[in-house]
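Observations on the three-dimensional arrangement
Read off the chains here:
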Amino acid sequence: MAKIDTVTLHPSNHSRPNPILFVHGAFHGAWAWEEYFLPYFADKGYEVHALNWRGHGKSAGRERLRWNRMTDYVEDVTEVASSLKQPPIIVGHSMGGYVVQKYLEHHHAPCGILLASAPPGGTKKTTVKTALQNPGKLLKTLITGRVNLYNNEAGAVQAFFSASMPPEQLKRYVSNLQDESLRAFWEMARMPVQTQKIKTPMLVLGAANDFFIDADEMQETAHAYGTKPEIFANMAHDMMLEADWKLVANRMVEWLTVQKL
């Protein structure tokens, strides 16, 4: 098994009973949580952890990225979650939201939070749209087994961030984006989550200007877990890095407090 790198912050006041484990999405790593969410939630009394999947960030296995499967990413989450003293609240973004749902098919968590998450029915719609919009890169992707479609400023603004993001901030984030496994994307498109196995309370949050996940898919995800999606206006896919990220974080803490977590 590849060595999984994890970023951890400990609160000065341990006022919350369970830690939080943050799970990044495709092309990203733990860095996506480090700027705002990790210090914010640590300040609220949570012990917080953000892992890098194998082949991502500082975790080992970059040379084998093209072979990564969804089960590998679920295994990475399982490894980190099982190492914690208490079962973690688990938060997933985008493809990470799908990984969280697959993890919860077989594991307990006090609750789950999905941000701009891939829907449980799979991402066929997004996969087809992405392929049609990037025909020139499609052949290279099929040959290399590595998806590299948005790792530049124009692509990142299209896919992840609002156009109003300051240029220096955008450049910093783009420098952290990386390739993703085509095999994992293919599996996410065709392997539905067995939602009937999941009894974990879920909060489903979405972004009104999401390039990947549309309103119907947000509704699908929330309906599967007996709730309604909460959509944030004027926000793009990377909700944790948008200018109004604190609105999202505040809502998460509010919900967790109601859950007595």
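The following paragraphs examine the structure supplied in this document. (Residues numbered from 1 in each chain as written. Predicted model: local features only at pLDDT ≥ 70, side-chain atom pairs only at ≥ 80, totals over all residues. Heavy atoms only, no water.)

1. Focus on the pattern of salt bridges
- If you walk through the whole model with that rule in mind, you get nine salt bridges.
- Across the salt bridge formed by Glu-75 and Arg-54, the nearest N and O atoms sit 2.9 Å from each other. With a gap of 21 residues between them, Glu-75 in helix α3 (residues 70-82) and Arg-54 in the loop between β3 (48-51) and α3 connect regions that are remote in the sequence.
- With a closest N to O distance of 3.1 Å, Glu-105 and Lys-102 form a salt bridge. A single burial state applies to Glu-105 and to Lys-102, both of which are buried.
- Taken together, the shared-partner salt bridges in this structure form one network comprising Arg-54, Asp-72, Glu-75 and Asp-76. (Salt bridge = Lys/Arg side-chain N within 4 Å of Asp/Glu carboxyl O. Helix = DSSP H or I, 4+ residues; strand = E, 2+ residues; numbered from the N terminus. Buried < 20%, exposed > 50% of the residue type's maximum accessible area, 1.4 Å probe, protein only.)

2. Some details on empty space enclosed by the protein
- Inspection of every chain in the model, using the stated rule, returns one cavity of 30 Å³ or more.
- As a volume, the largest cavity reaches approximately 30 Å³.
- The wall of the largest cavity is formed by Ser-117, Val-204, Leu-205, Gly-206, Ile-213, Met-218 and Thr-221.
- Counting only elements with at least two residues in the lining of the largest cavity, the list comes to β8 (202-207) and α10 (215-224).
- Considering every element that reaches the lining of the largest cavity, the biggest residue donor is β8, with three residues. (1 Å grid on protein atoms, 1.4 Å probe; cavity = no way out; pocket = protein on both sides within 12 Å on 5 of 7 lines; lining within 4 Å. Points joined across faces, edges and corners; volume = space filled by probe spheres on them.)

3. Brief notes about the environment of Ala-159
- Within the fold, Ala-159 resides in helix α7 (residues 153-159).
- Along the backbone, Ala-159 and Phe-212 are 53 residues apart, and their C-alpha atoms lie at a distance of 7.2 Å.

4. A few points about helix α8 (residues 167-174)
- Listed as buried for α8 are Gln-169, Leu-170, Tyr-173 and Val-174. In an axial view of α8, the angular spread of the buried residues amounts to 130 degrees, which keeps them on one side of the axis. Exposed and facing more than 90 degrees away from the buried side of α8 are Pro-167 and Glu-168.
- Where α8 is buried, its residues contact α1 (31-34) and α7. (Arc of directions from axis to C-beta. Contact = heavy atoms within 4.5 Å.)

5. Observations regarding the side chain of Ser-162
- Relative to the helices and strands, Ser-162 resides in the loop between α7 and α8.
- What makes Ser-162 buried here is its relative accessible area of 17%.
- With residues up to four places along the chain from it excluded, the contact list for Ser-162 reads Asn-234, Met-235, Ala-236 and Glu-242.

6. Some points on the nonpolar core
- Among the nonpolar cores identified, the biggest contains 85 residues, and Phe-22, Phe-37, Phe-41, Leu-115 and Met-252 are the most heavily contacted of them.
- The element best represented in this core is helix α11 (residues 245-258), accounting for seven residues.
- Apart from residues lying up to four places away in sequence, Phe-37 is in contact with Phe-22, Leu-115, Met-240, Trp-245, Val-248, Ala-249 and Met-252. (Core = buried A, V, L, I, M, F, W, Y, C linked by side-chain atoms within 4.5 Å.)

7. Observations regarding the packing of α3 against helix α4 (residues 95-104)
- The interhelical angle for the contact between α3 and α4, taken along N-to-C directions, is 70 degrees, at an axis separation of 9 Å. With respect to α4, the axis of α3 lies roughly perpendicular. For the pair α3 and α4, the contacting residues are Met-70, Tyr-73, Val-74, Val-77, Thr-78 and Ala-81 in the first and Met-95, Tyr-98, Val-99, Lys-102 and Tyr-103 in the second.
- Taken together, the residues of the contact of α3 with α4 sort by class into nine nonpolar, one polar and one charged. (Axes fitted to C-alpha atoms, helices over the stretch in contact; angles between N-to-C directions. Parallel < 35°, antiparallel > 145°, perpendicular 65-115°, else oblique. Nonpolar A, V, L, I, M, F, W, Y, C, P; charged D, E, K, R; others polar.)

8. Looking at the sheet that holds β3
- The strand order across the open sheet formed by seven strands is β1-β3-β2-β4-β5-β8-β9, and the pairing between neighbours is mixed. Each edge of the open sheet is held by one strand with a lone partner, namely β1 (6-9) and β9 (230-232). Put simply, the sheet's adjacent strands are angled 20 degrees from each other on average, direction ignored.
- Pairing of strand β5 (residues 112-115) with β8 involves four bridges; the strand directions are parallel. Of the residues in β8, the one forming a bridge with Leu-114 is Val-204.
- Sheet contacts for α3: β1, β2 (20-23), β3 and β4 (89-93); angle to β2, the most-contacted strand, approximately 160 degrees.
- On top of the sheet, α11 reaches β2, β4, β5, β8 and β9; it is set at about 165 degrees to β8, its chief contact. (Pairing = 2+ DSSP bridges.)

9. Things to note about the environment of Tyr-173
- Among the secondary structure elements, Tyr-173 is positioned in helix α8.
- Looking at Tyr-173, the relative accessible area reads 1%, which means it is buried.
- Along the chain, Tyr-173 and Ala-32 lie 141 residues apart, while their C-alpha atoms are 8.2 Å from each other.
- If sequence neighbours within four positions are ignored, Tyr-173 has contacts with Trp-31, Glu-35, Tyr-36, Phe-161, Met-165 and Leu-241.

By themselves these figures say nothing about function.
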